Structures are given as C-alpha cells and as structure tokens.
Amino acid sequence: MKKLISIEGMSCNHCVNHVTEALEEIGAEKIDVSLENKSAELDIKDSVTDEKIKLAVEDAGYDVVKIENL
C-alpha cells in the first residue's frame, strides 16, 4: 500500500536520513523523503498501521501532521 506522510520538523538532509531509517525499521520500502515538500512517500504492508508509522517518525524526533493513502 502506498502512503503519503506529511512531516514537520525536518530541516536538513540529516533529518531526511533519520526519517528514512525510522521507516525502514518498520518494513517500509521505496521510501522517498522530501525535505522541500515536508513529506515522505512509501510502500508499506497493509498490516502496518498508520499509528505504527506515526510512532516510528515521532520516535525519530519529528511530527506527523497527516497520513494519506495513495
């Protein structure tokens, strides 16, 4: 399933790497984190809940504004 996550708090490429690593840890694939758009687009298994995605990003130190299915 494709997801689009709106993320606040990223300010540099180091932040992009942190978010990417957090999403990889929960099994996301084809991750495209955009600093410019303040978002991440990814493929994730249906069994991974939006809450789990939100917690992974927030544990990395960023705020999830919205999660949308694509």
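Residues numbered from 1 in each chain as written. Predicted model: local features only at pLDDT ≥ 70, side-chain atom pairs only at ≥ 80, totals over all residues. Heavy atoms only, no water.

### A closer look at the sheet that holds strand 4 (residues 63–69)
Stated precisely, the cut-off is as follows: Whether two strands pair comes down to DSSP finding at least two bridges between them. Helix and strand definitions follow DSSP, with helices as H or I runs of at least four residues and strands as E runs of at least two, each counted in order from the N terminus. Here the axes come from fitting lines to C-alpha atoms, over the contacting stretch only for helices, and the angles between their N-to-C directions go from 0 to 180 degrees. Contacts between residues were defined by any pair of non-hydrogen atoms, one from each residue, lying within 4.5 Å.
As summarised here, the arrangement of the 4 strands in space is 2-3-1-4, forming an open sheet in which the pairing is antiparallel. If you trace the sheet from one side to the other, it starts and ends with strand 2 (29–34) and strand 4, each paired once. If you compare each strand with its neighbour and ignore which way they point, the axes differ by 15 degrees on average. Here strand 1 (residues 2–8) runs beside strand 3 (residues 39–43); their pairing, made up of 5 bridges, is antiparallel. Across the sheet, the residue bridging to Leu4 is Glu41, located in strand 3. Contacts from helix 1 (residues 13–25) reach strand 1, strand 2 and strand 3, with the element oriented near 155 degrees to strand 2. Contacts from helix 2 (residues 50–59) reach strand 1 and strand 4, with the element oriented near 150 degrees to strand 4.

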